[in-house]
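Residues per chain, in single letters:
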Amino acid sequence: MGRAEERRARQRGGRRAAPPTRSSGTPSEGLATGGRAAARKAARGKKGAKKGKSGIRRLFTWKKILGTFFAVCLLGIGAFVVMYMMIDVPKGNAKAQEQSNIYKYSNGSVMAREGDTNREIVDLSEVPKPVQRTFVAAENKTFYTDAGVDFKGIARGLFNTLSGKGKQGGSTITQQYVKNYYLDQDQTVTRKLKELVISLKVDRETPKDDILAGYINTSYYGRGAYGIQAAAQDYYRVDASKLSVEQGAYLAALLQAPSQYDWAVANDTGKKLVTARWNYVLDNMVKQGWLDKTKRAEMTFPVPKEPKADPGLEGQKGYFVKLAKQQLEKQLMAKENITQDEAEARVENAGWTITLNIDKKKQAQLEKAVKDKLTSQLDPKKRTVDRNVQAGAASVDPKTGKIVALYGGTDYTKHFYSNANRTDYQPASTFKPVILAAALENNSETQDGKPIGANTIYDGTSKRQVVDSNGDKVGFAPENEDDHNYGKQVTVQTAMNQSINSVFAQMGVDVGMDKVLATATKLGMDTGKLRPLPAYTLGTMGASPIQMAGVYATLDNHGKQVTPTIIKSAEQGGNEFQMPDPIGEQVISREAADTVTSVLTGVVNDGTAQKSVQQNPDREGRKVAGKTGTSDDNKSAWFTGYTPDLVTSVGLFGENYKTRAQAKMYGVGGEARVNGGGFPAEIWAEYTFGVAGENTKFDLETDQGAAVQPTWTPTVSNTPSPTPSATPSTKKPSQTPSATPSQTPSQTPSQTPSQSPPTGEQSTPVVTTSPPANPFDPNEDQ
């Protein structure tokens, strides 16, 4: 076949007419065609070689990956269809599960029932339309148009649950209503899948207004309030029908974190967050066209009313219940890894039977002591300042950690905050034993290398500049009470007895304030994020009577940590919830703890608590250790003390009866100044000597302090002198201190007076001090 015929054949038959082999055409064309075929074969060979080197590519091709993905999707869709067909909308069970909580005294007698759920269902028509929309603007702007679910939120929730991240947001109003009314608060995959299916069905079968009504009537708003009517009454003292848009926006914002956003108890961060949330709600209403922009600009934040107490929780009962719930919720959060709001929901009206450690006899005696030694001495009609006094106390068994008695205020229904658990007032000089404990535990030394102990000599000059290890001033020169100078040579024992600020300010720097705060934390104080500043040596942080009772109970328990607890047992549905052991590990050595106890006996026998405690006729030989404290500007006054078997911390707090702001207590009860050795120590003594065991002694393993040896301190004249008197106030030990102290204020004398080792609690003569020129002059401490 010639070339022309071959070309015509190709035109007639296309490629099918082309020669099938290299023999067609001319030899040169055959060779060219064969060459190209050989090249293609060689290329395929190379590709085959590459595939051989990487065989995994044959397993994961794009076709296989896409095929697998679509198969999984089909399986998921199929599974969801099956679930949708199998899961029915259940009957509402939330109301059926709600029960009263029962609280009992330690002897088993019923103290209180916390009762019928604080809820009143209201029809949506009773809630103003703008208020209804605040909830939609806060939680689910697409509520009126969506299908009842947020698939992104569901996916996020499932991921967070599987990855252990806990609670997630983003659920629609329908989903939250379903969770509240048909299901429970469990954070499980199963519950979330049920929530998805039921939400779709409820949205399809139920009008949107009914869903919204169910949501606002079943949600928890804090303060024990379920539903919008109870919340309106608790927060604003009005019915839901009378709520303003501003108030509704606050209640809607509150649902995100009721315990954190409750204005009455929120910290500064919580207040900022709820204010931002409130603005967010109103701004969303403007964007949705539900609120006029001009009216929005005129709106101000509606501060809610103070909480009101539940009926039946009058007197001290409400304080007991509140503390018990807080401690139970804390343990639920720790053990079940849930949020505070979820823990509150677990406790409120959930059928708990909680037995308290409160001893009825001791409790009655504590209340009587407060009445006899404080409230009966007050006359608000005669002295307005007498209205500004709040008392708080906590009494703890140091061997078990049980809170056996507690005083939270005059009446829970009148003063909602528990003074026994408040941490907004300074513990003042009751913090000084913590500094000494830190010094002993860390084997600290003075700046001239002397070990710090009960007999170590310090400079007691008022307003003495504190210096660091280099001898440089740290910019802190605290004033002693009444600006009294105790001379340049006073022992630590005397400094504790007389609560000499200048000594403990220097000691804190000698020890290292980081170590002091670390010891405070070990002993049970909440030091939070306090910076190691010298000013904290004067107890200028916040603390509660419960915390301070725990600190001193740990000292009384020879250094084994004591965490005060009001709960003896807690059970629900016949199952007991295991509470942690209040007695923990050894946090400081026994010798350090016992030495502090020994030193604190001197405060009672020879120091600021001598009149109220040591000379009390009801003492009857009981061994007592303790410390007084009075804060700057006389805003708080304390006595925390203990016998071997009972630790009690009593605090008085100046609180303006109108504004609740901190107030000075000058003139309260007709006294020029309220000191820790006054009302607090008197309350402590009447209570303790009325209930504590008799003839008990401290079992101390130490050779230091007033309980095991006498102390010697140079006499301080009525007119402060820069040098100590030449004649000691008691029998002088065999070796006297150096006559001339070092010229550098940071240095202690080169010799410490040696002490004879007699045993038994010895008395040290009281240093005579001049009376204050102006009793109304605020001082740092006593």
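Refer to the structure presented above.
All figures in this text were calculated on a predicted structure; none of them were measured in a lab.

Comments concerning the overall build of the protein chain
The helix and strand tally for the protein chain stands at 25 helices and 14 strands. By the burial criterion, 51% of the 782 residues in the protein chain qualify as buried. By sequence separation, contacts in the protein chain at least 24 residues apart represent 73% of the contacts at least 6 residues apart. Looking at the protein chain as shown, the accessible area adds up to about 36100 Å², and 50% of this sits on carbon and sulfur atoms.

Concerning the pairing of strand E14 (residues 646-654)
For a regular strand, side-chain orientation follows a simple rule: the groups alternate between the two sheet faces. For E14, a buried count of nine out of nine residues is recorded, marking the element as mostly surrounded by other parts of the structure. Of the two faces of E14, the one carrying Leu-646, Thr-648, Val-650, Leu-652 and Gly-654 and the one carrying Val-647, Ser-649, Gly-651 and Phe-653 are both buried. In terms of strand pairing, strand E4 (residues 389-396) meets E14 through eight bridges, oriented antiparallel. Following the sheet pairing, Gly-392 is matched in E14 by Gly-651. Bridge count for strand E13 (residues 636-643) against E14 is eight bridges, and the pairing is antiparallel. Following the sheet pairing, Tyr-642 is matched in E14 by Val-647. Where E13 hands over to E14, the hairpin turn is made up of two residues, counted between the paired strands.

Focus: the packing of aromatic side chains
Enumeration over the complete set of coordinates arrives at 19 aromatic pairs. Ring centres of Trp-684 and Phe-689 lie 5.7 Å apart, and the angle between their planes is 85°; on these two criteria the pair is classed as edge-to-face. In this structure Trp-684 comes out as buried when scored by relative accessible area, which is 0%. Linked through ring pairs, Tyr-235, Tyr-236, Tyr-250, Trp-263, Trp-278 and Phe-301 together constitute an aromatic cluster. Of note, Lys-208 hangs over the ring of Phe-143, and the distance from its end group to the ring centre comes to 4.7 Å. Directly above the aromatic system of Phe-577 lies the positively charged group of Lys-335, at a separation of 5.0 Å from the ring centroid.

Describing the environment of Leu-533
With respect to the element layout, Leu-533 can be found in the loop between helix H21 (513-523) and helix H22 (545-556). The spacing of Leu-533 and Leu-517 is 16 residues in sequence and 9.6 Å in space, taken between C-alpha atoms.

Thoughts on the pattern of salt bridges
When their charged atoms lie close together, side chains carrying opposite charge are able to pair. Throughout the structure, instances matching the rule amount to 21 salt bridges. Note that Glu-686 is salt-bridged to Lys-368, the shortest N-O span being 3.4 Å. Here Lys-368 lies in helix H17 (residues 360-373) and Glu-686 lies in helix H25 (residues 679-691), a separation of 318 residues in the sequence. With a relative accessible area of 43%, Lys-368 lands in the partly exposed category. A salt bridge links Asp-424 to Arg-422; its shortest N-O distance comes to 2.9 Å. The class for Arg-422 is buried, based on a relative accessible area of 11%. A single salt-bridge network, built from bridges that share partners, covers Arg-422, Asp-424, Glu-655 and Arg-660.

Basis of the calculations
- Residues numbered from 1 in each chain as written.
- Predicted model: local features only at pLDDT ≥ 70, side-chain atom pairs only at ≥ 80, totals over all residues.
- Heavy atoms only, no water.
- Helix = DSSP H or I, 4+ residues; strand = E, 2+ residues; numbered from the N terminus.
- Buried < 20%, exposed > 50% of the residue type's maximum accessible area, 1.4 Å probe, protein only.
- Contact = heavy atoms within 4.5 Å.
- Areas by Shrake-Rupley, 256 points an atom, 1.4 Å probe, with all protein chains shown as cover.
- Pairing = 2+ DSSP bridges.
- Phe/Tyr/Trp six-rings, centres within 6.5 Å; stacked < 30°, edge-to-face > 60°.
- Lys NZ or Arg CZ within 6 Å of the ring centre and 35° of its normal.
- Salt bridge = Lys/Arg side-chain N within 4 Å of Asp/Glu carboxyl O.

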